[in-house]
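Residue-level structural notes
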Amino acid sequence: MEVEFPDDFRCPISLEVMSDPVILSSGHTFDRASIQRWLDSGNRTCPVTKLPLPPRPSLIPNHALRSLISNFVPAANPKSPSSPDPHVLLASLSFPADADTLAAVLRLSKRIASFRRLALDAGAASILLRHAGSVDRPDLQDLALRALLHLSLDGDDARVGLVAEGAVDRLDTALRSGPNVAALAATCLTSLAMVEVNKCTIGAHPSAIAGLAALLREGKGRERREAATTLYELCKFPENRRRTVRAGTVPALVDLAGAGSERAVEVLGLLGKCREGREEMKRIDGFVRVLAGLLRYGSSRGIENALLVLNLVCSDSKEMALEARKEGTFELCMALACDENGKIGKNAAGLARTLENGQLVDFI
């Protein structure tokens, strides 16, 4: 058996594992360096679909895929003399398993695509899921969750199959475990949520979004980042936006955005598309101030999404529009309207129009 990476990790242009995956407007993901070279050469079609692109195509970071790639670390020497036979290993896997057995499953799951398929076909997922939900053995939880993450990378069928096996229940339990285990559980949910039907299933679970919300509020750096990434993936499904707002995530997302998290602002952008989300944002003291701060000091991606969120909220409320003007947002928009980043310029012009119209309404 040779070292194999999931095909989803490879750039369609270079065929190498991506280090900085970005999404083109066609919906396909490429490594930033490869697609930038393609565009710099004067090409204005998608390398995969061959369909035309805008004059200034945007490259949107694929944070979810980057997180999955960063958790996939293939080891050298995929089969050493002491490596167990895969069939014997899977035949011996039971609950409860010892740490050495789970570690062996994890090693082979990391390295070998054919082993992942073999493990799924052999029913290893159900045993790993039982360990993932065993809060009394965090060491076994950690190993099982890492193995499950790699099994989920075998493709959409694997992701749907894991959810059908009851993965959401077990991962929801793991979200309430120690910090490292909770962060791993959130990363697993992100992988599963990359399939549309799973977004619906996870969102409809009675406590999964609530568990992510608690992790977002009470976790530390990594746990909060992973929870925000999972919520971003889930909230691409419109019904999950209301569920996420009702779970009390907005204050924690605003706090995280104020600390410079691009992902938190992206989630707020999705939540702002539903009325419940906008209403919750209006109730947060200092909400406009935080986003205005991002316009001044944030990254390009943070600025782009902060403009979008402010436009959604200010379009819905003259009071918020007035507060935005008091924070100097209109002047910031005028300065950003000519930004070389086309998305920032477009969003800035849109927010400036909203604030200008709101001011005219006040005078009338």
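These numbers come from a predicted model, not from an experiment.

Bringing the overall build of the protein chain into the picture now. Assigned secondary structure in the protein chain consists of 22 helices and 3 strands. The C-alpha atoms of the protein chain give a radius of gyration of 22 Å, which matches the 21 Å a tight globule of 364 residues would have. Overall size of the protein chain, expressed as C-alpha extent along the three principal axes, is 80 × 50 × 30 Å. Summed over its atoms, the accessible surface of the protein chain is roughly 16,200 Å², and 52% of this surface lies on carbon and sulfur atoms. Placing the 45 positive and 44 negative side-chain charges of the protein chain at their respective mean positions leaves the two points 2 Å apart.

A few words on the packing of aromatic side chains. Enumeration over the complete set of coordinates arrives at 0 aromatic pairs. The ring of Phe330 has Arg325 sitting right over it, with the charged end atom 4.4 Å from the ring centre.

With that settled, the discussion passes to the packing of helix H8 (residues 156-164) against helix H11 (residues 196-204). Viewed as axis vectors pointing N to C, H8 and H11 meet at an angle of 20 degrees, and their least axial separation amounts to 10 Å. Considered as vectors, H8 and H11 are oriented roughly parallel to each other. Between H8 and H11 lies a crossing of left-handed hand. For the pair H8 and H11, contact is made by Arg159, Val160 and Val163 and by Val197, Asn198 and Thr201, respectively.

To continue, consider the pattern of salt bridges. Tallied over the full model, the rule gives 23 salt bridges. Between Arg301 and Glu266 there is a salt bridge, with the nearest N and O atoms lying 2.9 Å from each other. Taken together, the positions of Arg301 in helix H19 (residues 300-316) and Glu266 in helix H16 (residues 262-271) put the pair 35 residues apart, joining distant regions of the chain. The pair Arg301 / Glu266 is uniform in exposure class, with both members buried. Each of Arg275, Arg278, Glu279, Lys282 and Asp316 takes part in a single network of salt bridges with overlapping partners.

Residues Phe287 and Leu307 are the most contacted members of the largest nonpolar core, which totals 110 residues. Setting aside its immediate chain neighbours within four residues, Phe287 contacts Val254, Met281, Val309, Val313 and Met320.

Next up on the list: H19. Helix length check: H19, at 17 residues, gives a terminal C-alpha distance of 25 Å against a target of 24 Å (1.5 Å per residue), a fit within 8%. For H19, the buried fraction is high: 12 of the 17 residues fall into the buried class. Listed in full, the buried residues belonging to H19 are Arg301, Gly302, Ile303, Glu304, Asn305, Ala306, Leu307, Val309, Leu310, Asn311, Val313 and Cys314.

This part is about unusual backbone geometry. Here the amide bond leading from Phe95 into Pro96 is cis, since omega sits at -5 degrees, within 30 degrees of zero. Inspection of the secondary structure assignment puts Pro96 in the loop between helix H3 (86-92) and helix H4 (99-111). Backbone geometry at Leu15 places phi at a positive 65 degrees, although glycine is not the residue there. Assignment of secondary structure puts Leu15 in the segment before strand E1 (21-23). Residue class for Leu15 comes out exposed when judged on its relative accessible area of 56%.

As a further point, take the confidence of the model for the protein chain. Keep in mind that low pLDDT regions are not for reading the predicted coordinates in detail. The predicted model of the protein chain averages 88 in pLDDT, with 94% of residues at 70 or higher. Across the protein chain, the element-wise mean pLDDT spans from 77 in helix H22 (residues 342-363) up to 97 in helix H14 (residues 238-246). Confidence drops under pLDDT 50 across residues 75-81; counting only partners more than four residues distant or on other chains, this segment forms 11 contacts. Across residues 360-364, confidence stays below pLDDT 50; counting only partners more than four residues off in sequence or on other chains, it has 2 contacts.

Considering all chains together, one arrives at 1 cavity of 30 Å³ or more under this definition. Volume-wise, the largest cavity comes out at about 50 Å³. Leu129, Leu148, Leu149, Ser152, Leu162, Ala167, Leu171, Cys188 and Leu192 are the residues that line the largest cavity. Secondary-structure elements contributing two or more residues to the lining of the largest cavity are helix H7 (138-152), helix H9 (167-175) and helix H10 (179-192). Among the elements that line the lining of the largest cavity, the one with the most residues is H7, at 3 residues. Tallied by class, residues from the lining of the largest cavity come to 8 nonpolar, 1 polar and no charged.

Spatially, E2-E1-E3 is the arrangement adopted by the 3 strands of the open sheet, whose pairing is antiparallel. Of all strands in the sheet, those bounded by a partner on one side alone are strand E2 (29-31) and strand E3 (60-61). In this sheet, E2 lies alongside E1 in antiparallel orientation, the contact comprising 3 bridges. The residue bridging Ile23 from the neighbouring strand is Thr29, located in E2.

Mapping Ser315 onto the fold places it in helix H19. Given a relative accessible area of 53%, Ser315 falls into the exposed group. Along the primary structure Ser315 and Leu351 are separated by 36 residues, whereas in three dimensions their C-alpha atoms are 8.5 Å apart. At 2.6 Å, the side chain of Ser315 and the backbone oxygen of Asn311 are in polar contact.

Conventions we followed
- Residues numbered from 1 in each chain as written.
- Predicted model: local features only at pLDDT ≥ 70, side-chain atom pairs only at ≥ 80, totals over all residues.
- Heavy atoms only, no water.
- Helix = DSSP H or I, 4+ residues; strand = E, 2+ residues; numbered from the N terminus.
- Rg over C-alpha atoms; globule rule 2.2 N^0.38 Å.
- Areas by Shrake-Rupley, 256 points an atom, 1.4 Å probe, with all protein chains shown as cover.
- Lys, Arg positive; Asp, Glu negative; His and termini not counted.
- Charge placed at Lys NZ, Arg CZ, Asp CG, Glu CD.
- Phe/Tyr/Trp six-rings, centres within 6.5 Å; stacked < 30°, edge-to-face > 60°.
- Lys NZ or Arg CZ within 6 Å of the ring centre and 35° of its normal.
- Axes fitted to C-alpha atoms, helices over the stretch in contact; angles between N-to-C directions.
- Parallel < 35°, antiparallel > 145°, perpendicular 65-115°, else oblique.
- Left-handed = near helix turned anticlockwise from the far one by under 90°.
- Contact = heavy atoms within 4.5 Å.
- Salt bridge = Lys/Arg side-chain N within 4 Å of Asp/Glu carboxyl O.
- Buried < 20%, exposed > 50% of the residue type's maximum accessible area, 1.4 Å probe, protein only.
- Core = buried A, V, L, I, M, F, W, Y, C linked by side-chain atoms within 4.5 Å.
- Expected span 1.5 Å × (residues − 1).
- pLDDT = per-residue confidence, 0-100.
- 1 Å grid on protein atoms, 1.4 Å probe; cavity = no way out; pocket = protein on both sides within 12 Å on 5 of 7 lines; lining within 4 Å.
- Points joined across faces, edges and corners; volume = space filled by probe spheres on them.
- Nonpolar A, V, L, I, M, F, W, Y, C, P; charged D, E, K, R; others polar.
- Pairing = 2+ DSSP bridges.
- Polar contact = N/O pair within 3.5 Å; in protein donor to acceptor, adjacent residues only side chain to side chain.

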